[in-house]
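The chain contents come next:
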Amino acid sequence: MTYGFDLGDRLHERERQDLRRHLDVTERVARRTRFADDPKSGAADFGEEMVVFAANNYLGLADDGRVQRAAEQGARTVGTGAGASRLVTGDTHLHRALERDLADCKGTERALVFSSGYAANVGTIDALAPDVVFSDELNHASIIDGCRVGATETVVYDHCDAADLREQMAERASKAGDGEQWLVVTDSVFSMDGDVAPLAALCDAVDEYGAWLMVDEAHATGLFGNGGGVVQREGLSDRVDVQLGTLSKALASQGGYVAGDEELVEYLLNAARSFVFSTGLAPPAAGAAREALRIARETDQTDRLWENVETLREGLEGMGYEVLGETHILPVLVGDRVDALRLDERLRDHGVVAPAIRPPTVPEGTSRIRVAPMATHTDADLMQCLDAFETAGKEVGVL
């Protein structure tokens, strides 16, 4: 009798179900890159250059000289790492400056920076320890894990359906005990569907029951509402109790943040374990995020992004593809996971990187290619992408 783990069997089962993932080594972070011929070897032997439509680097700032210089300045003046938890010696003027800028952008009293968006979600829900979390069925995995860790009970409501949320809240209210604390949690822009939560209707629902609303702006920060996200765009800062997001997508850096009133932030820096017991965000990341936020707020960088989005959506739909969503994320629905993987492979053969997204990330039967344009994609990049989709789609048999 043995009590160990047979990980080989687990990997084989993932392989059998077309669910095994692999790491690809890229030459650089940019709109165009090359992949290592043999990622397992670690050798810097790269293949042909390809155009990338797979990154969340929406404004193309990860390889922007201004952002890179800000990261370098952070390293030179403060150090390459924070060295300790921010409650010990890891709190620097760069962290404070970034938090002031985020709070100003979000229209809140204060903000708190975490080492990652995942840590911000899990740590915040865990610290609030709600009796019940009402969670959109397509929320990000970090929200789901936060509910598992921090909530006494989780109630899942239908995706982007404020009416179903109200029904779930009414049912719970009919049997709730005195003094229960409720938290409603949603993404603002959903990362795999590209749609937007009905935030105003959600605000109405939480107001009716005296609950709190937490909105994850990971895929909206820097892109809507003069950089503040969908909450800012819709003028709801005073009605959303917890605004949360990442620094690693449009802001081209690393880390996460929570924005809200003074009391919320003061409580989290004392009670969120993922903040208290983690080394502070690296100063170069803080410097880069701050500069990227400035660029997003002070320039018309997003104008080119929306132009690129419209070009690709019109082109893909014109070929006959079904394109989901309403934002800068363009999910091209395929359906069968094997077809999606084959289309992913054929797109690469034609010089385009756009990943197949399959279960468990998305529901069974809804596998898709996730297309993520950048503001820095050129007209030639867009045409290469559309040509690749047309040719690859016919080769795979999905067109």
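Preceding block: the structure.
Per chain, the residues get numbers from 1 upward, laid out in the order the sequence is written. Residue-level local features of this predicted model are given only where pLDDT is at least 70; pairs of side-chain atoms are given and counted only at 80 or more, and the full residue set underlies all totals for whole chains, interfaces and linings. Calculated side-chain values reflect all of the structure's heavy atoms, with hydrogen atoms and water omitted.

Chemist: Lay out the pattern of salt bridges in plain terms, naming residues and giving numbers.
Modeler: Should a side-chain nitrogen of Lys or Arg be within 4 Å of a carboxyl oxygen of Asp or Glu, the pair is scored as a salt bridge. Enumeration over the complete set of coordinates arrives at 31 salt bridges. Note that E262 is salt-bridged to R110, the shortest N-O span being 2.7 Å. Placement of E262 in helix α9 (residues 262-271) and of R110 in strand β3 (residues 110-114) is noted, with a sequence separation of 152 residues between them. Relative accessible area serves as the criterion here: at 38%, E262 is assigned to the partly exposed category. A salt bridge links D344 to R348; the shortest N-O distance between them is 3.7 Å. Placement of the pair is D344 and R348 together in helix α13 (residues 337-349), with a separation of four residues, close to one helical turn. The cut-offs for exposure are 20% and 50% of the maximum accessible area for each residue type, with area from a 1.4 Å probe on protein chains only; residues under the lower value are buried, those over the upper are exposed, and the others partly exposed. Using a relative accessible area of 13% as the deciding quantity, one classes D344 as buried. Counted as one network, the salt bridges with shared partners bring together R86, D91, R96 and E99. Strands are runs of DSSP state E lasting at least two residues, helices are runs of H or I lasting at least four, and both sets are numbered from the N terminus onward.

Chemist: Explain helix α14 (residues 379-396) residue by residue, including any values.
Modeler: The end-to-end C-alpha distance of α14, which contains 18 residues, comes to 26 Å, matching closely the 26 Å that a straight helix rising 1.5 Å per residue would cover. Of all the positions in α14, only D381, L382, C385, L386, A388, F389, A392, G393 and V396 are classed as buried. The buried side chains of α14 occupy one side of the element, clustering within an arc of 160 degrees when seen end-on. Facing away from the buried surface of α14 by more than 90 degrees, the exposed residues are D379, A380 and K394. Of the residues one or two after α14, G397 is the one with positive phi, at around 95 degrees. What a helix is expected to span follows from its residue count: subtract one and scale by 1.5 Å. Throughout, the arc means that of the directions going from the helix axis to the C-beta atoms.

Chemist: How would you sum up unusual backbone geometry? Please name residues and give values.
Modeler: Cis peptide bonds are those with omega within 30 degrees of zero, and the linkage from P359 to P360 qualifies with 10 degrees. The backbone of C160 sits at a positive phi, close to 55 degrees, despite the residue not being glycine. Mapped onto the secondary structure, C160 falls in the loop between β5 (153-157) and α6 (162-173). When its relative accessible area of 23% is taken as the criterion, C160 is described as partly exposed.

Chemist: Explain the packing of helix α3 (residues 93-106) against helix α11 (residues 283-298) to me, using residue names and the numbers behind them.
Modeler: The interhelical angle for the contact between α3 and α11, taken along N-to-C directions, is 30 degrees, at an axis separation of 9 Å. By the angle between their directions, the pair α3 and α11 is classed as roughly parallel. Classified by chirality, the crossing of α11 by α3 is left-handed. Mapping the contact onto sequence places L94, A97, L98, D101, L102, D104 and C105 in α3 and P283, A286, G287, A289, R290, L293 and R297 in α11. Gly counts as polar in this scheme, as do all residues outside two lists: the nonpolar Ala, Val, Leu, Ile, Met, Phe, Trp, Tyr, Cys and Pro, and the charged Asp, Glu, Lys and Arg. Residue composition of the contact of α3 with α11, grouped by class: nine nonpolar, one polar and four charged. Axis definition: a line fitted to C-alpha atoms, over the contacting stretch in the case of helices. Angles run 0 to 180 degrees between N-to-C directions. Orientation labels follow simple angle bins: below 35 degrees gives roughly parallel, above 145 gives roughly antiparallel, 65 to 115 gives roughly perpendicular, and whatever is left gives oblique. Take the far helix as your reference; a near helix turned counterclockwise from it by less than a right angle gives a left-handed crossing, and one turned clockwise gives a right-handed crossing. Should any heavy atoms of two residues lie within 4.5 Å, those residues are considered in contact.

Chemist: Just give me the short version of the sheet that holds strand β1 (residues 32-33), but keep the residues and values in it.
Modeler: Here three strands make up an open sheet; going across it, the order is β1-β2-β12 and the pairing mixed. At either end of the open sheet lies a strand with only one pairing partner, and these are β1 and β12 (352-353). The criterion for strand pairing is that DSSP finds at least two bridges linking the strands in question. Relative to strand β2 (residues 50-52), β1 runs antiparallel, the two being bridged by two bridges. Residue pairing for β2: R32 is matched across the bridge by V51.

Chemist: Kindly report on the packing of aromatic side chains, identifying the contributing residues and their values.
Modeler: In summary, the pairing rule links any two rings of Phe, Tyr or Trp, Trp by its six-membered ring, whose centres are within 6.5 Å, and it sorts them by plane angle into stacked for under 30 degrees, edge-to-face for over 60 and tilted for everything else. The final tally for this structure, using the stated rule, is five aromatic pairs. Ring geometry for F114 against F275: centres 5.6 Å apart, planes inclined by 65 degrees, an arrangement best described as edge-to-face. Here the residue F114 occupies a position in strand β3, and F275 occupies one in helix α10 (residues 273-276), the gap between them amounting to 161 residues. You can call F114 buried: its relative accessible area is 1%. Each residue in the set F134, W182 and Y209 is aromatic and connected to the rest through ring pairs, giving one cluster.

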